[in-house]
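Residue-level structure breakdown
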Amino acid sequence: MKRDFLRLWDFTSEEISSIVERAIALKAGADANKCPLIGKSLWLLFEKPSTRTRISFEVGIYQLGGQSIYMKPSEIQIGRGESTADTARVLSRYLDGIIIRTFEHTKLEEFAANSDVPVINGLSDLHHPCQVLADLMTIKEKKGKLEGIKVAYIGDGNNVANSLMEAAGRMGLLLNIACPEGYEPDLDILEEARNGKGEIIILRDPKEAAGRADVIYTDVWVSMGQEDSAEKKKRKFSAYQVNSSLLACAKKDVMVMHCLPAHRGEEITDEVIDGPQSVVFDQAENRLHTQKALLEILIK
Ligand code: CP
Ligand code: NVA
């Protein structure tokens, strides 16, 4: 039976833990010469730009012995109106796994419902689960555990914030999300995640969130596809910048995370992202290791 990975909630706490542990082992060089996915093909269909997700999946499948095929919708018949369902039915007869980066999350669900091979969410407007696997690995590496770690997410209640809420629910993070009114994360996801293990608080004051945090996390104020509202959002979020005065309210050993790409000078300053508390490049590297651990589990 194929498994999809459309949102973090698709996996149990135990499955997420085992991906994180396997990724840490792979990073340390475990099974470096083994190629468990020889002959396997992964298709990447990306409707939005990507640096980390695309390259880490392409390099990851190659390191595991398989190959990747990258395309934009304009290069296949979907771009000329062929249905998502027909495309999924045909392609799952050639491929062993499909990664999609898209706008509407429902398009991923439709693709997955019509595919016989695993479909992985490479980012939708609602979720970014592969990112948050790497985030969990980074927290585990640096803080030694996940349960009880206090994460302050400062900024827009977007796809990354939604997946972090699911991470809190599954892994027991204590998540404070500081955002302006009207920019909260998805309320259905919040409600579901609150039935899990951790704690999720939505508040307005970034300093209050930062003050109790082990980890401060931020993401862009204007996500891909929201460019029309950029100026309004930048005005609304000006008090939500992760800068040295916010860090001064936090614990001395607070760790700073960002999924990247960063808009330096907007949601985060150069001083912070390049400073000693930032782990953003380790976090970006970990995309490769968690992607490989995920592929090992899903691709048969
Ligand atoms: N963090 C992340 O998903 O980066 P890309 O958009 O470069 O893939
Ligand atoms: N929230 C951002 C994440 C980019 C990796 C976006 O959707 O553009």
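Quick look at the structure, then.

So, how was this worked out
Residues numbered from 1 in each chain as written. Chains lettered and ligands numbered in written order. Predicted model: local features only at pLDDT ≥ 70, side-chain atom pairs only at ≥ 80, totals over all residues. Heavy atoms only, no water. Salt bridge = Lys/Arg side-chain N within 4 Å of Asp/Glu carboxyl O. Helix = DSSP H or I, 4+ residues; strand = E, 2+ residues; numbered from the N terminus. Buried < 20%, exposed > 50% of the residue type's maximum accessible area, 1.4 Å probe, protein only. Axes fitted to C-alpha atoms, helices over the stretch in contact; angles between N-to-C directions. Parallel < 35°, antiparallel > 145°, perpendicular 65-115°, else oblique. Left-handed = near helix turned anticlockwise from the far one by under 90°. Contact = heavy atoms within 4.5 Å. Nonpolar A, V, L, I, M, F, W, Y, C, P; charged D, E, K, R; others polar. Polar contact = N/O pair within 3.5 Å; in protein donor to acceptor, adjacent residues only side chain to side chain. Pairing = 2+ DSSP bridges. Near = heavy atom within 4 Å. Areas by Shrake-Rupley, 256 points an atom, 1.4 Å probe, with all protein chains shown as cover. Expected span 1.5 Å × (residues − 1).

Counted by the stated rule, this structure contains 23 salt bridges. A salt bridge links E47 to K107, with the nearest nitrogen and oxygen atoms 2.8 Å apart. Of this pair, E47 sits in the loop between β1 (41–46) and α2 (52–63) while K107 is found in helix α4 (residues 105–113), placing the two residues 60 residues apart along the sequence. Taking the relative accessible area as the measure of exposure, K107 reaches 27% and is therefore partly exposed.

Bringing the environment of E21 into the picture now. Along the chain, the position of E21 falls in helix α1 (residues 13–27). Taking the relative accessible area as the measure of exposure, E21 reaches 39% and is therefore partly exposed. Sequence separation between E21 and R7 is 14 residues, and the spatial gap between their C-alpha atoms is 19 Å.

What follows concerns the packing of helix α5 (residues 129–143) against helix α6 (residues 159–171). Between α5 and α6, whose axes approach to 9 Å, the crossing angle comes to 50°. What the angle tells us is that α5 and α6 run oblique. The interaxial crossing formed by α5 with α6 has right-handed handedness. For the pair α5 and α6, contact is made by P129, V132, D135 and L136 and by V160, S163, L164, A167 and M171, respectively. Its residues placed into classes, the contact of α5 with α6 shows seven nonpolar, one polar and one charged.

Before going further, it helps to spend a moment on the side chain of Q131. Turning to its location among the elements, Q131 is positioned in helix α5. The exposure class assigned to Q131 is buried, which follows from its relative accessible area of 2%. Among the polar contacts listed, one links the side chain of Q131 to the side chain of R287, at a separation of 2.9 Å. Sequence-distant contacts of Q131, that is, excluding residues within four places in its chain, are made with Y217, C259, Q283 and R287.

Position of F237 relative to the elements: it lies in the loop between α9 (230–236) and α10 (244–247). A C-alpha to C-alpha distance of 8.0 Å links F237 and E267, two positions 30 residues apart in sequence. For F237, the residues in contact, after removing those within four places along its chain, are G155, D156, P180, Y183 and W221.

Right, let's get into the sheet that holds strand β8 (residues 215–218). Sheet architecture is open: five strands sit in the order β7-β6-β5-β8-β9, paired in parallel fashion. With partners counted over all chains shown, the strands left at the sheet margins are β7 (199–203) and β9 (255–258), one partner each. Averaged over all adjacent pairs, the angle separating strand axes in this sheet is 20°, with direction ignored. Two elements, strand β5 (residues 150–154) and β8, share four bridges in a ladder whose sense is parallel.

Our next topic: the site of ligand 1. Neighbouring ligand 1 are the residues S50, T51, R52, T53, R101, H128, Q131, C259, L260 and R287. Note that an oxygen atom of ligand 1 is positioned 2.6 Å from one of the side-chain N or O atoms of S50. With respect to ligand 1, the side chain of Q131 contributes an N or O atom lying 2.9 Å from a nitrogen atom. Coverage of ligand 1 by the protein amounts to 96% of the 250 Å² it exposes when considered alone. Along the lines of polarity and charge, the residues of the shell around ligand 1 split into two nonpolar, five polar and three charged.

What follows covers the site of ligand 2. The full set of residues close to ligand 2 is L123, H128, N158, N159, D219, V220, S223, M224 and L260. Protein burial of ligand 2: of its 270 Å² of free accessible surface, 95% is covered by the chains. Residue classes in the shell around ligand 2 are distributed as four nonpolar, four polar and one charged.

Taking 1.5 Å of rise per residue, twelve residues should cover 16 Å, and α2 covers 16 Å from first to last C-alpha, within 8% of that figure. Taken residue by residue, α2 has T53, S56, F57, E58, G60 and I61 as its buried positions. Next to the buried residues of α2 lie β1, β2 (67–71), β3 (97–101), β4 (119–121), α5 and α12 (280–298). Of the residues trailing α2, G65 is marked for its positive phi of about 105°.

Moving on: the sheet that holds β1. Ordered in space as β2-β1-β3-β4, the four strands form an open sheet in which the pairing is parallel. The outermost strands of the open sheet, each flanked by one partner alone, are β2 and β4. Each strand of the sheet is rotated relative to its neighbour by a mean of 20°, with strand direction disregarded.

Attention shifts here to unusual backbone geometry. P261 follows L260 through a cis peptide bond whose omega is 5°. Here P261 shows up in the loop between β9 and α11 (270–273). One non-glycine residue with positive phi stands out, namely D31, at about 55°. Despite not being glycine, L123 has its phi angle at roughly 125°, a positive value. Summarising the element assignment, L123 is placed in the loop between β4 and α5. Note on L123: relative accessible area 6%, which makes it buried.

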